[in-house]
Amino acid sequence: MDKVTLFWFRRDLRLSDNIGLFTAYENEKNVLPLFIFDENILEKLENKNDARVQFIHNQVKKLHSALKDYDSSILVKIGKPLAIFEALTKAYAIQNVYTNRDYEPYARDRDEKIEQFLAEKDIPFYDFKDQVIFEKDEITNNSGSYYKVFTPYSKSWLQKLKQTTLTPVDLDGRKKSFYKTQPFPLPSLKDLGFKTSENSIPPLEIDEKLIRAYDKNRDFPARQGTSRLGIHLRFGTISIRRLVSEAHELNDTYLNELIWREFYMMILYHNPALVDTSFKEKYDRIRWDNNEELFQKWCEGKTGYPLVDAGMRELNTTGYMHNRVRMLTASFLTKHLLIDWRWGEAYFASKLLDYELASNNGGWQWAAGTGTDAQPYFRIFNPESQMKKFDKDKKYIKKWIPEYGSSAYPKPIVEHKQARERALETYKKALDGE
Ligand SMILES: Cc1cc2nc3c(=O)[nH]c(=O)nc-3n(C[C@H](O)[C@H](O)[C@H](O)COP(=O)(O)OP(=O)(O)OC[C@H]3O[C@@H](n4cnc5c(N)ncnc54)[C@H](O)[C@@H]3O)c2cc1C
C-alpha cells in the first residue's frame, strides 16, 4: 500500500495561497489531494440544474488539470465522507490528513467524527485557518468573550489587522511533495445526478476601479457597483488574504463588508443553534402569520411592490440579488407579510449562488430584527421610499419587470401602512410576552 498524506479540499478550491495545502506540501511527502462530493449535501438539493454544483465541478476539473503539472492528480469521490475515509484507509497507508477549517455546524460535526475515526487508526488530522482572517476566539472584548455587536467587533478586527501580515503562501513548483500518479478519473456532472445550468458565474476578478468607488455605488441596484465575488469567497476560489490586502488599500467600506462576513461566521460558530432559532430568544415568541399564498407571491415576485418584485425576479433568474434589495425583500417578507424569517432564509438558500449559511442567517435575522443588530424591531423599510431613493429612474425595476406600468402588473397584496402597524403590534405582543 502506498504511503500518502491526504489533503482534503472543501471550501478552498485553489492551489495558490491555500494554507492547509501549502503546509502539507512543505512538511510532508506524497501529498494526495482529495475532493468528496458529499451526498449528505447533494441529496438535499432539489434542483438538479443547481449552478453551484456545476461551479464546484468546474473548479475541481481545474484542479485536476493544474495538478498534472506536478505529475499528480486529485482523487475525486462521491459519497458520505466518513464512509469514504473508511474506504481510503483500506486503499492507502495514510500518514496524515490535512485540511482547512470550516465553521458551519454540519461541517464541524462531520470533521469531529472523521477526526475520531482517524485517531482510532493513529492517523493525525490537522486543520488550518484559511477561509477567514480571524476566527473563533481571535477577536474578543476586554473580558475575553466574543463580541455580540458588530461595531466594536469591527474596530477590534481592524486593530488586529495592523499587527498581521497577509503574505501569500504559494507552492514553489517543486514536484516532489505531491503523490506521483497518472490522472485519476473525474466523475461527470451526470455521475453526480446533476445537469448543466444556464446561470452564469461572475468572473473571478478583483476590479480595482469598482472597489475604489464601492461606497458611492454599492447601494444602487441598477449600477455595477459591487464586486460579485460572493461565490468565489464561498468556495474559496479566491483567497480572503489576497482580497483583504487589496481592499485595505482600495476602499474602507468594502473592507467593512468583508468584516461583516467574518462577524457572522464567528457568531454562528459560537451559536450553532442559530440555524433555526433567533439570536434574541424572546423573538421566537412572534406569532407569524405564515400565509402560504402570500409567500408564493413573494417567491414569484408578484407582490405589487416593484422593488421587492424586481429583486425576487433577479434572484429567480440569475441566482443573484443585490444587497440593498436583499434587505428590502427580507424586511418585506417578515414585517409586511409576517412570514417567518426561516421560510425566506430557506428560499434564499435554495437560490443564491453565493449562499453562505452564516451570512444568510445573519442577513435574515438582521432584517427580521431577531439578530445581533442593536436597532429596535420597529425599523420597517418602506418599499416605496426605498425605490425612490435607490432606483429613482426605475432602471432596475424595468429590467426585471417587463409588464411594469401596465395592467398586467399586480396590485399591492398588502397595504403598507396597515401592514406596518400589524407588524409593530405583533412584535410588541411577542416581546411583552402576551
Ligand atoms: C437577507 C440577506 C441574505 C444574505 N445572504 C447572503 C448569503 O447567503 N451569502 C453571502 O455571501 N452574503 C449574503 N448576504 C450579504 C450580502 O447581501 C451579499 O454578500 C452581497 O450582496 C453579495 O454580493 P457581492 O459579492 O457583489 O458583494 P460585495 O458588496 O461586493 O461585498 C463583497 C463581499 O463581502 C461580503 N459581504 C458583503 N456584504 C455582506 C453582509 N451584509 N454580510 C456578510 N457578508 C457580506 C460577501 O462575502 C461579499 O461577496 C445577505 C444579505 C441579506 C440582507
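Residues numbered from 1 in each chain as written. Predicted model: local features only at pLDDT ≥ 70, side-chain atom pairs only at ≥ 80, totals over all residues. Heavy atoms only, no water.

Draft legend 1. Local environment of the overall build of the protein. What the protein contains, in helices and strands, is 19 helices and five strands. Here the C-alpha atoms of the protein give a radius of gyration of 23 Å, agreeing with the 22 Å that 2.2 N^0.38 yields for 434 residues. Principal-axis analysis of the C-alpha atoms gives the protein an extent of 70 × 50 × 45 Å. Counting every position in the protein, which comprises 434 residues, the buried fraction comes to 53%. Counted over contacts in the protein with a minimum sequence separation of 6, partners at least 24 positions apart contribute 81%. Total accessible area on the protein stands at roughly 20,400 Å², and carbon and sulfur atoms take up 49% of it. Computing the positive centroid from 67 side-chain charges and the negative centroid from 63, the protein places the two 3 Å apart. (Helix = DSSP H or I, 4+ residues; strand = E, 2+ residues; numbered from the N terminus. Rg over C-alpha atoms; globule rule 2.2 N^0.38 Å. Buried < 20%, exposed > 50% of the residue type's maximum accessible area, 1.4 Å probe, protein only. Contact = heavy atoms within 4.5 Å. Areas by Shrake-Rupley, 256 points an atom, 1.4 Å probe, with all protein chains shown as cover. Lys, Arg positive; Asp, Glu negative; His and termini not counted. Charge placed at Lys NZ, Arg CZ, Asp CG, Glu CD.)

Draft legend 2. Spotlight on helix 11 (residues 252-270). Counted at 1.5 Å a residue, the expected span for helix 11 with its 19 residues is 27 Å, and the 27 Å between its end C-alpha atoms agrees. Where helix 11 begins, the capping side chain belongs to Asn251, and its oxygen is found 2.9 Å from the backbone nitrogen of Thr253. (Expected span 1.5 Å × (residues − 1). Polar contact = N/O pair within 3.5 Å; in protein donor to acceptor, adjacent residues only side chain to side chain.)

Draft legend 3. Layout of the site of the ligand. Taken together, 27 residues are adjacent to the ligand, and Tyr214, Thr226, Ser227, Arg228 and Asn323 come closest. A distance of 2.7 Å is found between an oxygen atom of the ligand and a side-chain nitrogen or oxygen belonging to Thr226. The separation between an oxygen atom of the ligand and a polar side-chain atom of Ser227 is 2.6 Å. Put simply, the ligand lies in the second largest pocket. When contributions to the shell around the ligand are tallied by element, the ones reaching two or more residues are helix 9 (230-234), helix 11, helix 14 (323-336) and helix 16 (357-368). It is helix 11 that contributes the most residues to the shell around the ligand, six residues altogether. Counting residues domain by domain, the shell around the ligand receives three or more from each of domain 2 (132-166 + 206-270) and domain 3 (275-432). (Near = heavy atom within 4 Å. 1 Å grid on protein atoms, 1.4 Å probe; cavity = no way out; pocket = protein on both sides within 12 Å on 5 of 7 lines; lining within 4 Å. Sits in = over half its atoms within 2 Å of the grid points. Domains from an automatic or database assignment.)

Draft legend 4. Quick peek at the pattern of salt bridges. On inspection of all chains with the given rule, the structure shows 29 salt bridges. For Arg110, the salt bridge is made with Asp111, and the minimal N-O distance between the two is 3.0 Å. Judged by relative accessible area, which is 7%, Asp111 ranks as buried. The closest approach of N and O atoms between Arg212 and Glu208, which form a salt bridge, is 3.7 Å. Of the two residues, Arg212 and Glu208 both sit in helix 7 (residues 208-212), four residues apart, roughly one turn of that helix. Among the charged side chains, a network of salt bridges with common partners joins Arg11, Asp102, Glu104, Arg234 and Glu356. (Salt bridge = Lys/Arg side-chain N within 4 Å of Asp/Glu carboxyl O.)

Draft legend 5. Expanded view of the packing of aromatic side chains. Evaluated as defined, the whole model comprises 33 aromatic pairs. Aromatic side chains Tyr25 and Tyr70 sit 6.5 Å apart centroid to centroid with 90° between the ring planes, which places their arrangement in the edge-to-face category. You can see Tyr25 sitting in helix 1 (residues 19-27) and its partner Tyr70 sitting in the loop between helix 3 (51-66) and strand 3 (75-79), a full 45 residues away along the chain. When the ring of Tyr214 is compared with that of Tyr254, the centres are 5.0 Å apart and the planes differ by 85°; the resulting orientation is edge-to-face. Of this pair, Tyr214 sits in helix 8 (residues 214-217) while Tyr254 sits in helix 11, and the two are 40 residues apart along the sequence. An aromatic cluster of at least three residues, connected via ring pairs, comprises Tyr147, Phe150, Tyr153, Trp260, Phe263 and Tyr264. Its guanidinium or amino end placed over the ring of Phe220, Arg223 lies 4.1 Å from that ring's centre, counting from NZ or CZ. (Phe/Tyr/Trp six-rings, centres within 6.5 Å; stacked < 30°, edge-to-face > 60°. Lys NZ or Arg CZ within 6 Å of the ring centre and 35° of its normal.)

Draft legend 6. Main features of the pairing of strand 2 (residues 31-38). The element strand 2 is extensively covered by neighbouring structure, given that eight of its eight residues are classed as buried. Residue alternation in strand 2 divides its side chains into two sets, Val31, Pro33, Phe35 and Phe37 and Leu32, Leu34, Ile36 and Asp38, and both sets are buried. Taken together, the five bridges between strand 1 (residues 3-9) and strand 2 define a ladder with parallel strand orientation. The partner of Phe7 across the bridge, within strand 2, is Pro33. Across five bridges, the pairing between strand 2 and strand 3 is parallel. Counted as the bridge partner of Asp38 is Gly79 from strand 3. (Pairing = 2+ DSSP bridges.)

Draft legend 7. Highlighting the layout of surface pockets. The computed volume of the largest pocket comes to approximately 1,500 Å³. The wall of the largest pocket is formed by 48 residues, among which Ile41, Leu45, Arg52, Ala349 and Tyr355 lie closest to the centre. Elements represented by at least two residues in the lining of the largest pocket include exactly strand 1, strand 2, helix 2 (39-42), helix 3, helix 5 (105-120), helix 13 (306-318) and helix 15 (341-351). Grouping the constituent residues of the lining of the largest pocket by class yields 25 nonpolar, nine polar and 14 charged. Here the second largest pocket defines a volume of roughly 1,200 Å³. For the lining of the second largest pocket, the secondary structure elements donating two or more residues are helix 9, helix 11, helix 14 and helix 16. A total of seven residues in the lining of the second largest pocket trace back to one element, the largest contributor, which is helix 11. (Points joined across faces, edges and corners; volume = space filled by probe spheres on them. Nonpolar A, V, L, I, M, F, W, Y, C, P; charged D, E, K, R; others polar.)

Draft legend 8. Structural detail: the domain arrangement of the protein. When cut into domains, the protein gives domain 1 (3-129), domain 2 (132-166 + 206-270) and domain 3 (275-432). Spacing between the C-alpha centres of domain 2 and domain 3 amounts to 24 Å. Listed as interface residues are 18 residues of domain 2 and, on the opposing side, 23 residues of domain 3. Roughly 1,900 Å² is buried in total at the junction of domain 2 and domain 3, and carbon and sulfur atoms are behind 66% of that figure. (Buried area = accessible area lost by both parts, 1.4 Å probe.)

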